[in-house]
Amino acid sequence: MDHLFLPMEELALFELKRDRYFDKVPSKDLSSIIKSAASIGKDWAIRIKKMYPDKSFHHIAREHGLKIIEEDKELIIGDVVFYSEFYSGKKEILIYKKAVEAWAVALNKTYEECKELFIAHEFFHYLECEKIGLLSNIYKVTIFKIAGFNWKSGVKALSEIGAHSFVKHSFKMEE
Ligand SMILES: [Zn+2]
């Protein structure tokens, strides 16, 4: 999760490059889709800050009816460590406590401070579901064409770019 500290543009490319449809995105479009997703994240960070000055994301998420569940375990799939997840149906944010704790130690921060970053990240996914619309759908790539039909898909990395931008601006990690 150290990639969170990369500058926004680099972080966005990191997310896009590991997206399954990265190869389908023409390189000429990269910078504009990064800008769009990042600016939505930024705008919502400003908006939420105005609505809830001085409130923690723990508080804000709970105010929106989200449950925050801390599980005393970690989840690693392949080389990806999971820190938190958002379940829109259950309105639940799940924090993998062991993973966040390990990250906090490595950064010399407290668990509570780091947990806030992950709650903010997942809260953005909640905003996508409830208010903004999924950022993955702001740009579509053609998956294949057959007999005049054109199958398209959104790009999931754009949701992550929006969430990273939201976190960076909420915690003043980016101008
Ligand atoms: Zn995410």
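In what follows, the structure referred to is the one given above.
Being a predicted model, the structure only gives us computed values, none of them experimental.

A.B. asks: Even after reading the chapter, I still don't get the coordination of the zinc ion, so can you show me in this structure?
C.D. replies: Put simply, a metal with four donors set out as a tetrahedron has ideal angles of 109.5 degrees, and one with six donors set out as an octahedron has ideal angles of 90 or 180 degrees. Taken together, the protein donors to the zinc ion comprise His 121 (NE2), His 125 (NE2), Glu 160 (OE) and Glu 160 (OE), at separations of 2.1 to 2.6 Å. If you look at the zinc ion, its four donor atoms make angles of 53 to 135° with each other, and the shape they trace is irregular. When the donor residues of the zinc ion are listed from N- to C-terminus, their spacing reads H-x3-H-x34-E. One end of the pair, His 125, is in helix α5 (residues 111-132); the other, Glu 160, is in helix α6 (residues 157-170), with 35 residues separating them in the sequence.

A.B. asks: Honestly, the side chain of Ser 84 in this entry has me stumped. Any pointers?
C.D. replies: Mapped onto the secondary structure, Ser 84 falls in strand β4 (residues 84-87). When its relative accessible area of 10% is taken as the criterion, Ser 84 is described as buried. Residues within four places of Ser 84 in sequence aside, it is in contact with Leu 94, Ile 95, Tyr 96, Phe 118 and Glu 122.

A.B. asks: Just checking my understanding: could you explain the sheet that holds strand β5 (residues 92-96) for this structure?
C.D. replies: Strands belonging to one sheet form pairs held by backbone hydrogen bonds; the direction of such a pair is parallel or antiparallel. With respect to topology, three strands assemble into an open sheet ordered β1-β5-β4, the strand pairing being mixed. Edge strands, defined here as strands with exactly one partner in the open sheet, are β1 (67-71) and β4. On average, adjacent strands in this sheet sit at an angle of 20° to one another, irrespective of strand direction. Lying on the sheet, helix α4 (residues 97-107) is in contact with β1 and β5; it crosses β5 at an angle near 55°.

A.B. asks: How should the nonpolar core be read in this particular structure?
C.D. replies: For soluble globular proteins, the rule of thumb is that nonpolar side chains tend to be buried together. The biggest cluster of nonpolar side chains holds 52 residues, and the ones touching the most others in it are Leu 16, Ile 48, Phe 123, Ile 161 and Phe 166. Among the elements of the structure, α1 (8-17), α2 (27-51), α3 (57-63), β5, α4, α5 and α6 are those that each provide at least two residues to this core. It is α5 that contributes the most residues to this core, 10 residues altogether. With near-sequence residues (within four places) excluded, Phe 123 lies in contact with Ile 48, Phe 57, Ile 60, Ala 61, His 64, Leu 66, Ile 93 and Phe 166.

A.B. asks: Quick question: what am I supposed to make of the packing of α1 against α6 here?
C.D. replies: Where α1 meets α6, the axes come as close as 9 Å, and the angle between the chain directions of the two elements is 150°. Our classification of the angle between α1 and α6 gives roughly antiparallel. Relative to α6, α1 is oriented so that their crossing is right-handed. Contact residues: Met 8, Leu 11, Ala 12, Glu 15 and Leu 16 in α1; Ala 157, Glu 160, Ile 161, His 164, Ser 165 and Lys 168 in α6. Considered class by class, the residues forming the contact of α1 with α6 number six nonpolar, two polar and three charged.

About the thresholds
- Residues numbered from 1 in each chain as written.
- Predicted model: local features only at pLDDT ≥ 70, side-chain atom pairs only at ≥ 80, totals over all residues.
- Heavy atoms only, no water.
- Donors = N, O, S within 2.8 Å, 3.2 Å for Na, K, Ca; no water.
- Tetrahedral: all angles 85-135°; square planar, octahedral: opposite > 155°, others 65-115°.
- Helix = DSSP H or I, 4+ residues; strand = E, 2+ residues; numbered from the N terminus.
- Buried < 20%, exposed > 50% of the residue type's maximum accessible area, 1.4 Å probe, protein only.
- Contact = heavy atoms within 4.5 Å.
- Pairing = 2+ DSSP bridges.
- Axes fitted to C-alpha atoms, helices over the stretch in contact; angles between N-to-C directions.
- Core = buried A, V, L, I, M, F, W, Y, C linked by side-chain atoms within 4.5 Å.
- Parallel < 35°, antiparallel > 145°, perpendicular 65-115°, else oblique.
- Left-handed = near helix turned anticlockwise from the far one by under 90°.
- Nonpolar A, V, L, I, M, F, W, Y, C, P; charged D, E, K, R; others polar.

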